[in-house]
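Each chain, written out:
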Amino acid sequence: MQLCVALDLPSSKENLQLVQTLAKYDIWLKVGFRSFIRDGQDFLDKIKEINPNFKIFLDLKLYDIPNTMADAAEEIAKMDVDMFNIHASAGKKAMQTVMERLDKYEKRPLVLAVTALTSFDYHSFKEIYGTDIEEKAKEFALQSYQAGLDGVVCSVYESSMIKHETDKSFLTLTPGIRPFGEKSDDQKRVADIETAKKEKVDIIVVGRPVYKSEEPAKVVEKILQAL
Ligand SMILES: O=c1ccn([C@@H]2O[C@H](COP(=O)(O)O)[C@@H](O)[C@H]2O)c(=O)[nH]1
């Protein structure tokens with residue numbers, strides 16, 4: 001299992017200070033809406049300047065018509081990122097179009113599909129999708145797998161089931177991790193490291209428990225020891 005730290009701080013300066021503190025660790029760094037909208041490609045370059053071995057996950061959750069998603073995916077493929085994501089609910093056709101368009105790149109980033117956001121509980125998910133999380137996550141995961149994606153974003157509680165329904169090499173990346181039982185904030189389907197291990201998760205995403213800590217490097221060190 002690998003660790004991905006979310007860089008969701010309010011300024012580029014604070015994010016880069018955090019990255020500097022974590023420079024010696026073999027981890028993924030997640031750049032999401034807040035940081036990418038504000039700081040763009042320049043921010044990605046600065047991360048790689050600190051340590052070119054950091055793996056970058058661009059968490060932009062593309063969701064649009066197939067051609068627009070594929071255009072955006074191609075722009076991402078030209079950047080130096082290692083992984084990005086799209087919404088499975090954009091449909092199988094959109095996912096296939098993205099993967100076909102990335103075919104020509106010798107070294108393309110990994111592509112994951114978002115199944116059910118970890119901020120949904122079972123009731124709020126059903127209100128929107130009209131079905132249970134488990135059922136829909138399975139359907140989305142199968143469609144993503146058939147479309148040729150590399151894996152999915154899901155909660156820890158769907159990870160094992162998704163691997164069983166697809167393939168054990170099909171990646172599961174799980175946000176909503178509270179490594180040692182920290183408060184859940186706006187997350188609903190949260191889990192600790194031990195549960196993530198049991199559920200065969202490939203990459204855990206941890207944001208606030210790291211970047212809101214007084215000593216982020218110590219938290220990362222403790223997580224890495226527990227993986
Ligand atoms: O289903 C999802 C998809 C993405 N996220 C993102 O992960 C981090 C989690 O941060 P925490 O502070 O550890 O809660 C955040 O950037 C989300 O945008 C997610 O939480 N759930």
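Residues numbered from 1 in each chain as written. Predicted model: local features only at pLDDT ≥ 70, side-chain atom pairs only at ≥ 80, totals over all residues. Heavy atoms only, no water.

Within an unreviewed UniProt entry, the label attached to the chain reads Orotidine 5'-phosphate decarboxylase, and the organism entered is Hydrogenimonas thermophila. The UniProt entry for the chain carries the following comment under Sequence similarities (unreviewed entry): "Belongs to the OMP decarboxylase family." Looking at the chain in UniProt, the text filed under Pathway (unreviewed entry) is "Pyrimidine metabolism; UMP biosynthesis via de novo pathway; UMP from orotate: step 2/2." (UniProt positions renumbered as here; feature names shortened; annotations may be inferred.)

> Can you help me understand the packing of aromatic side chains in this one?
When we look at a pair of aromatic rings, we describe it by the centre distance and by the angle of the planes. For the coordinates displayed, the defined rule picks out five aromatic pairs. The rings of Phe120, Phe125, Tyr129 and Phe140 are connected pair by pair, giving a single aromatic cluster. Residue placement shows lysine 61 over the ring face of phenylalanine 33; its charged tip is 5.4 Å from the ring centre. Stacked on the ring of phenylalanine 180, the Lys or Arg lysine 222 has its end atom at 4.3 Å from the ring centre. (Phe/Tyr/Trp six-rings, centres within 6.5 Å; stacked < 30°, edge-to-face > 60°. Lys NZ or Arg CZ within 6 Å of the ring centre and 35° of its normal.)

> Even after reading the chapter, I still don't get helix α7 (residues 156–165), so can you show me in this structure?
An α-helical turn contains 3.6 residues, so a residue and the one three or four places further along point in the same direction. Those residues of α7 lying buried are Val156, Glu158, Ser159, Met161, Ile162 and Lys163. Considering only its buried residues, α7 is in contact with α5 (122–129), α6 (133–146), β6 (151–153), β7 (171–174) and α8 (193–198). (Buried < 20%, exposed > 50% of the residue type's maximum accessible area, 1.4 Å probe, protein only. Helix = DSSP H or I, 4+ residues; strand = E, 2+ residues; numbered from the N terminus. Contact = heavy atoms within 4.5 Å.)

> Explanation requested: α6 in the structure shown.
For α6, spanning 14 residues, the distance from its first C-alpha to its last is 20 Å, which sits close to the expected 20 Å at 1.5 Å a residue. When we look at burial in α6, the residues that qualify are Ile133, Lys136, Ala137, Phe140, Ala141 and Ser144. The buried residues of α6 all sit within an arc of 135 degrees when viewed along its axis, so they share a single face. On the buried face of α6, the contacting elements are α4 (92–102), β5 (110–114), α5, β6 and α7. Count one or two residues on from α6 and you reach glycine 148, which has phi positive near 90 degrees. (Expected span 1.5 Å × (residues − 1). Arc of directions from axis to C-beta.)

> Explain the site of the ligand to me, please; I cannot follow it from the model alone.
Among the 16 residues in the neighbourhood of the ligand, the closest are listed as Asp8, Lys30, Thr118, Gln187 and Arg208. One of the side-chain N or O atoms of arginine 178 is found 2.9 Å from an oxygen atom in the ligand. Between an oxygen atom of the ligand and a side-chain N or O atom of arginine 208, the distance comes to 2.7 Å. The fraction of the free accessible surface of the ligand (460 Å²) that becomes covered by protein chains is 87%. Of all the secondary structure elements, the ones that give two or more residues to the shell around the ligand are β3 (55–62), β8 (203–206) and α9 (208–211). Taken together, the residues of the shell around the ligand sort by class into seven nonpolar, three polar and six charged. (Near = heavy atom within 4 Å. Polar contact = N/O pair within 3.5 Å; in protein donor to acceptor, adjacent residues only side chain to side chain. Areas by Shrake-Rupley, 256 points an atom, 1.4 Å probe, with all protein chains shown as cover. Nonpolar A, V, L, I, M, F, W, Y, C, P; charged D, E, K, R; others polar.)

> Is there a simple way to explain the packing of helix α1 (residues 12–21) against helix α2 (residues 33–50) in this structure?
A pair of packed helices can be characterised by two numbers: the angle between their axes and the separation between those axes. It is the contact of α1 with α2, at a shortest axis distance of 10 Å, that shows an interaxial angle of 30 degrees. As the angle between them shows, α1 and α2 are arranged roughly parallel. The handedness of the crossing between α1 and α2 is right-handed. Contacts between α1 and α2 involve Ser12, Asn15, Leu16, Val19 and Gln20 from the former and Ser35, Arg38, Asp39, Phe43, Lys46, Ile47 and Ile50 from the latter. In terms of residue class, the contact of α1 with α2 is made up of five nonpolar, four polar and three charged. (Axes fitted to C-alpha atoms, helices over the stretch in contact; angles between N-to-C directions. Parallel < 35°, antiparallel > 145°, perpendicular 65-115°, else oblique. Left-handed = near helix turned anticlockwise from the far one by under 90°.)

> Explain the pairing of β3 here, please?
Sheet faces and side chains relate simply in a regular strand, where the side chains alternate between the two faces. Burial analysis of β3 places seven of its eight residues in the buried class, which makes it a mostly covered element. Here strand β2 (residues 28–32) pairs with β3 via five bridges, running parallel. By the bridge assignment, glycine 32 is partnered in β3 with aspartate 59. For the crossover that starts at β2, traverses α2 and ends in the parallel β3, the hand is right-handed. For β3 and strand β4 (residues 83–87), the ladder comprises three bridges, and the chain directions are parallel. Residue phenylalanine 57 lies in a different strand from β4, and its bridge partner there is methionine 83. Taking the sense of rotation as the criterion, the β-α-β connection linking β3, helix α3 (residues 66–77) and β4 turns out right-handed. (Pairing = 2+ DSSP bridges. Right-handed = clockwise from strand over helix to strand, strands pointing away.)

> Is there a simple way to explain the UniProt feature "domain: Orotidine 5'-phosphate decarboxylase" (unreviewed entry) in the chain in this structure?
Feature annotation in UniProt places "domain: Orotidine 5'-phosphate decarboxylase" (unreviewed entry) on residues 2–223, given in this structure's numbering. Counting secondary structure, residues 2–223 comes out at 45% helix and 18% strand; the distance between its end C-alpha atoms is 10 Å.

> Which parts of the structure should I look at to understand the environment of threonine 21?
Looking at the element boundaries, threonine 21 is found in helix α1. Sequence separation of threonine 21 and glutamate 215 is 194 residues, and the distance between their C-alpha atoms is 9.3 Å. Within the structure, the side chain of threonine 21 is placed 2.7 Å from the backbone oxygen of glutamine 17, a separation counted as a polar contact.

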